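# Coordinate inspection notes
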Amino acid sequence: MDLLERGKVTIKNIERELICPACKELFTHPLILPCQHSICHKCVKEILFTLEDSFTDGGSESSNQSSPRIRIHSPSMDRIDRISRSGRKRNSLTPRATMFPCPGCRHDIDLGERGISGLFRNLTLETIVERYRQAARAATAIMCDFCKPPAQESTKSCMDCSASYCNECFKVYHPWGTVKAQHEYVGPTTNFRPKILMCPEHEMERVNMYCEICRRPVCHLCKLGGSHANHRVTTMSTAYKALKEKLSKDIEYLISKESQVKGQISQLGLLMKETECNGERAKEEAAQNFDKLFDVLQEKRSVALRAIETSKNLRLEKLQTQIEEYQGLLENNGLVGYAQEVLKETDQSCFVQTAKQLHVRIQKATESLKSFRPAAETSFQDFVVDVAKQEEVLGDLSFYSNGLDVPEINEEKSKIYNKAVIGWEYPGKADSADIYVLEYRKLNKDEDSATWEEIEVCSKSKVISDLDNNSSYAFRVRGYKGSICSPWSREVILHTPPAPVFSFLFDDKCGYNSEHLLLNPRRSSVESRAGFPLLLGAERIQVGCYTTLDYIIGDTGIAKGKHFWAFHVEAHSYLVKVGVASSAKIQEWLHNPRDVTSPRYEQDSGHDSGSEDTCFESSQPFTLVTLGMRSFFIPKAPAAPKGSASRILPMPSCIGVCLDYDKGKVGFYDADHMKCLYERQVDCSGIMYPAFALMGGSGIHLEEAITANYLEYQDDI
């Protein structure tokens, strides 16, 4: 075999290395990703456009159908969310996403701020692909681009002119003694790659160094002040020699192990045959097990049908007998006809002898007419076969393994707010599954009609959107490891809020007292602190306590609809009031605070007759309930006895408020179980704001809304 023919064979044998993992075709202008996998330039754009279109259209799981050329795994909504955060316009020609799902390694790759523009073309791979194409179309000649018709077959191609020439035309267009005579020419080709590799970040600079940290070529500007300023770099010639030496040694090692590779190939061939035999054996065993089930069902079927047939025949026989008896009661028929003939007897002794028994039969027939009752039931309700449990068991029929434990839903980490977040784990240190199936369904009065919604999850948690408000949902999960699955976990029931979740932050302007209240930078938590002025004021206090509550409201108001929000009160809090505030009087109240803790305004103090409580209630713009010392205090009804212990409940770990603006109602909830603790009417004449009041060492933390990256954020915390 000569060298040329051997080269053709080698090119043919490496075809699998020249196939793009996205389009499954030969590479076209391949780009090198940071993970060192290559992909067609066109495929990169198509994948990003497809993913961003999927996100825009609502996150369809089958987004790849819009581009039949791409055959990659459909990414999750979380991945699409990360890819699409750049906000590219739909008609843009170049995607600007920073994250890219590599179809080679199935990992999300950060493309950096420049995105596709920061990727190098794999010129070496382009050349090899072109050689393969030439070997594949050896019978098809590349014609000269400059011959007059008929064109001659080209003999060389100029890399500087990006054109192919026959011998005569090449001499004409590249005469001796001119600059063109110095052009680089190769054999006939249609692949004209750039002569010099330029830096993608500094387009006018050629790469002349190699970054050992990022493992990519860079220019001198990248090293001086760019993103590689503090990286260890080497000259391109040094990197070329080192990499070529390593590659050559590795190739020589593989060639020297050719006999070992052939032996392993033979071993793999035997394993394929063994796998084939074991697979057929497993199919036979499964078929036998199902045949056993079929036999059991067939036997049960035969027994049930025989029992029904026997009962049917017996009932028909009884009914037929009853019909015949009743037909005998008709005139000139049966018993009546016989009685009519007996009445014709004139001999008295003979008549009495016969009529005595006949009269008894006539009386029985008369009684049966008065109380008609069929001799047999027509219903076969006792013969209904209940297969509901068996259907459920057969529905769960799968390849169970003793080595795959049942996952358990972690109720402490699972919750529902604006969305649902469900987390699970394995007991002890059991091996986790490769993939999980999370199912959930809405619990209705007619539970049997509710269907399970199914989601495949690769991690041990999932955020679920689009759940109905004021509803209960059941969740369960099972693990899969290959074709083996675990049994379903115990079902966990969670309740959604009674209304859509209302998002807001604490207002640091309207009525905010920075001396007594401390907000965190995100304005999602507030703590009360007495401060130095109160300490100085306490020096003059001899009896009682006449300090005021410090109020703070939400930065967003409500003008219509029904809304729900939740928060946590620190367990050590002394006194906290929570509820809603009306904009009609809020400015006046905050600028002229009342002494709400003096005996005159203490509603349970017994001061006066309680008439001032009503006056106090109508004068304030707040509708609040009191919490503190790990207790929840239900406001006293006008006719309720003083000191009623039934008004004091344990304080929930998470408290919710539901405002129905249109109906003028506000409810206070145990947000962990979505149970209403107290509800009352409220005047919604103006814009309503979430309101809070603190005194002493107290703290309030707003419940954080659940987002697509909620779980990642919690892990970071």
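Computed from a predicted structure; not experimentally measured. (Residues numbered from 1 in each chain as written. Predicted model: local features only at pLDDT ≥ 70, side-chain atom pairs only at ≥ 80, totals over all residues. Heavy atoms only, no water.)

## Regarding the overall build of the chain
Selection criterion: Helix and strand assignments follow DSSP, with helices taken as H or I runs no shorter than four residues and strands as E runs no shorter than two, numbered in order from the N terminus. Note on exposure labels: buried denotes an accessible area under 20% of the residue type's maximum, exposed denotes more than 50%, and partly exposed covers the range between, all computed with a 1.4 Å probe on protein chains only. It only takes one pair of heavy atoms within 4.5 Å for two residues to be counted as in contact. Reported accessibility uses the Shrake-Rupley method at a 1.4 Å probe radius. Residues are deemed covered only where the shown protein chains occlude them.
Scanning the chain for helices and strands turns up 15 helices and 33 strands. Sorting the 717 residues of the chain into buried and exposed places 33% on the buried side. The long-range fraction of contacts in the chain, counting pairs at least 24 apart against all pairs at least 6 apart in sequence, stands at 61%. For the chain, the accessible surface area stands at approximately 45,200 Å², while carbon and sulfur atoms represent 53% of it.

## Details of the pairing of strand β31 (residues 675-681)
Rule in force here: Paired strands, in this sense, are two strands between which DSSP finds at least two bridges.
Inspection of the sheet shows strand β30 (residues 665-670) paired to β31 by 6 bridges, in the antiparallel sense. Residue V666 lies in a different strand from β31, and its bridge partner there is R680. Taking the residues that link successive antiparallel strands as the turn, the β30-β31 hairpin has 4 residues, and the phi of M674 there is positive, at about 50°.

## Notes on the packing of helix α9 (residues 334-342) against helix α10 (residues 348-370)
So the rule is basically this: A fitted line through C-alpha atoms serves as each axis, taken over the contacting stretch for helices, and the angle formed by two N-to-C directions is quoted from 0 to 180°. We call two directions roughly parallel when the angle between them is under 35 degrees, roughly antiparallel when it is over 145, roughly perpendicular when it lies between 65 and 115, and oblique otherwise. When the near helix sits turned anticlockwise from the far one by under a right angle, the crossing is termed left-handed; a clockwise turn instead gives a right-handed crossing. Three classes are used, and their members are as follows: Ala, Val, Leu, Ile, Met, Phe, Trp, Tyr, Cys and Pro are nonpolar, Asp, Glu, Lys and Arg are charged, and the others, Gly among them, are polar.
Two numbers describe how α9 lies on α10: the axes approach to 11 Å, and their chain directions differ by 150°. Considered as vectors, α9 and α10 are oriented roughly antiparallel to each other. Considering how the two elements wind past one another, α9 and α10 form a crossing that is left-handed. Taken together, the residues of α10 that come into contact with α9 (itself represented by L335, Y338, A339 and V342) are F351, T354, L358, R361, I362 and A365. When the residues that make up the contact of α9 with α10 are grouped by side-chain class, the tally is 8 nonpolar, 1 polar and 1 charged.

## Overview of the sheet that holds strand β9 (residues 209-211)
Read across the sheet, 3 strands follow the order β10-β9-β11 without closing on themselves; strand pairing throughout is antiparallel. The sheet is open, and its two edges are formed by β10 (216-218) and β11 (233-235), each paired on a single side. Averaged over all adjacent pairs, the angle separating strand axes in this sheet is 35°, with direction ignored. In the packing of helix α7 (residues 236-256) onto the sheet, the strands contacted are β9, β10 and β11, and the crossing angle to β11 comes to about 90°.

## Quick notes on α10
Basically, it comes down to this: For a helix, the expected span equals 1.5 Å multiplied by the number of residues minus one. Bend, in this description, refers to the angle at a residue between axes fitted to the seven residues ending there and the seven starting there.
Between its terminal C-alpha atoms α10 stretches 31 Å, which fits the 33 Å expected from 23 residues at 1.5 Å a residue. Of all the bends in α10, the greatest measures close to 35° and is centred on A355. Residues A355, L358 and A365 constitute the buried set of α10. Elements that come into contact with the buried residues of α10 comprise α9.

## Examining the sheet that holds strand β29 (residues 655-660)
The strand order across the open sheet formed by 7 strands is β21-β22-β33-β24-β29-β30-β31, and the pairing between neighbours is antiparallel. One side of each edge strand has no neighbouring strand; the edge strands of this open sheet are β21 (517-519) and β31. The sheet shows a mean angle of 20° between the axes of neighbouring strands, direction not considered. Of the pairings in the sheet, the one linking strand β24 (residues 562-569) to strand β33 (residues 699-702) comprises 3 bridges and is antiparallel in character. In the strand pairing of β33, H568 is matched with H701.

## Let's talk about the side chain of T626
Note the threshold: Polar contact is the term for a pair of N or O atoms within 3.5 Å; when the atoms are in protein, one must be able to donate a hydrogen and the other to accept it, and sequence-neighboring residues count only if both atoms are side-chain atoms.
Here T626 is to be found in strand β26 (residues 622-628). At a separation of 2.6 Å, a polar atom in the side chain of T626 contacts the side chain of K577. When residues no more than four places from it in sequence are discounted, the contact partners of T626 are L575, V576, K577, S631, F632 and F633.

## Digging into the nonpolar core
Burial of nonpolar side chains together is a common tendency in soluble globular proteins. Heads up, the condition is: Put simply, buried Ala, Val, Leu, Ile, Met, Phe, Trp, Tyr and Cys residues joined by side-chain atoms within 4.5 Å make one nonpolar core.
One finds F564, W565, F567, L659 and F692 to be the most contacted residues of the largest nonpolar core, which totals 45 residues. Of all elements in the fold, only β21, β24, β25 (575-582), β26, β29, β30, β32 (688-695) and β33 reach the threshold of two or more residues within this core.

## As for the packing of aromatic side chains
For the record, the criterion: Only Phe, Tyr and Trp rings take part, Trp by its six-membered ring, and two of them pair if their centres are within 6.5 Å. Stacked means planes under 30 degrees apart, edge-to-face means over 60, and tilted covers everything else. Lysine and arginine charges are scored as sitting over a ring when NZ or CZ, respectively, is within 6 Å of the ring centre and within 35 degrees of the ring normal.
In the structure shown here, the tally under the stated rule is 18 aromatic pairs. Ring centres of F170 and Y185 lie 5.3 Å apart, and the angle between their planes is 65°; on these two criteria the pair is classed as edge-to-face. Taken together, the residues span a long stretch of sequence, with F170 in helix α5 (residues 167-173) and Y185 in strand β8 (residues 185-186) at a distance of 15 residues. Accessibility expressed as a relative area gives 13% for F170, which makes it buried. Ring pairing ties together the aromatic residues F502, F504, F506, W565, F567 and F692, which thus form one cluster. Stacked on the ring of F170, the Lys or Arg K156 has its end atom at 5.0 Å from the ring centre.

## What to know about the environment of G664
In this structure, G664 sits in the loop between β29 and β30. Given the relative accessible area of 8%, G664 is considered buried. Along the backbone, G664 and R680 are 16 residues apart, and their C-alpha atoms lie at a distance of 8.6 Å. With sequence-adjacent residues up to four places away left out, G664 is seen in contact with R680, Q681, V682 and C684.

## Structural notes on the environment of T321
Assignment of secondary structure puts T321 in helix α8 (residues 258-327). With 54 residues separating them along the chain, T321 and A375 place their C-alpha atoms 8.6 Å apart.

## Quick word on unusual backbone geometry
The linkage connecting P149 with the following residue, P150, adopts the cis geometry, with an omega of -5°. Structurally, the position occupied by P150 is in the loop between α4 (123-136) and β6 (156-158). The backbone phi angle of K24 is positive, close to 60°, even though this residue is not glycine. With respect to the helices and strands, the residue K24 is situated in the loop between α1 (3-13) and β1 (30-32). Backbone geometry places M629, a non-glycine residue, at a positive phi of 50°. Here M629 shows up in the loop between β26 and β27 (631-633). On the basis of relative accessible area, M629 is assigned to the exposed category, the value being 60%.

## With respect to α9
Helical geometry note: an α-helix holds 3.6 residues per turn, so side chains three or four residues apart project in the same direction. For α9, the set of buried residues is L335, G337, A339 and V342. Turning to α9, the residues buried within the fold contact α10.

## A closer look at the pattern of salt bridges
Convention followed: Should a side-chain nitrogen of Lys or Arg be within 4 Å of a carboxyl oxygen of Asp or Glu, the pair is scored as a salt bridge.
Taken as a whole and assessed by the stated rule, the structure comprises 13 salt bridges. When the shortest N-O distance is used, the salt bridge between R490 and E411 registers 2.8 Å. Remark: E411 occurs in the loop between β12 (408-409) and β13 (415-416) and R490 occurs in the loop between β19 (484-485) and β20 (492-495); sequence separation between them is 79 residues. For R476, the salt bridge is made with E439, and the minimal N-O distance between the two is 2.9 Å. Within this pair, whereas R476 is found in strand β18 (residues 472-481), its partner E439 is found in strand β15 (residues 435-442), the two being separated by 37 residues in sequence. Pair check on accessibility: R476 and E439 agree, each one buried.

## Observations concerning the state of the cysteines
Where we set the bar: Defined by distance alone, a disulfide is two cysteine sulfur atoms within 2.5 Å.
Here the structure, examined in full by the defined rule, presents 0 disulfides. Cysteine C222 is unpaired, with the sulfur of C199 as its nearest cysteine sulfur at 3.6 Å.

## Some words on the confidence of the model for the chain
Caution applies to low-pLDDT parts of the model: their predicted coordinates are not meant to be read in detail. For clarity, the threshold we go by: Each residue carries a pLDDT value, the predictor's own confidence for that position, ranging from 0 to 100.
Mean pLDDT for the chain: 77, with 77% of residues reaching 70 or above. Ignoring residues within four places in sequence, the model shows residues 1-9, a span with pLDDT below 50, making 2 contacts including any to other chains. Note that residues 58-97 has pLDDT below 50 and, in this model, 86 contacts with residues that lie over four places away or in other chains.

## Brief notes about the pairing of strand β14 (residues 420-425)
In terms of burial, β14 is a largely internal element, 5 of the 6 residues being buried. In this structure, β12 lies alongside β14, joined through 2 bridges in antiparallel fashion. The residue bridging E408 from the neighbouring strand is E425, located in β14. Where β13 meets β14, 2 bridges bridge the pair, whose relative direction is antiparallel. Bridge pairing links K415 to V421 in β14. Counting the residues that bridge the hairpin from β13 to β14 gives 3 residues. Judged from the 4 bridges that link them, β14 and strand β17 (residues 461-464) form a sheet pairing that is antiparallel. Paired with V421 across the strands is V463, a residue of β17.

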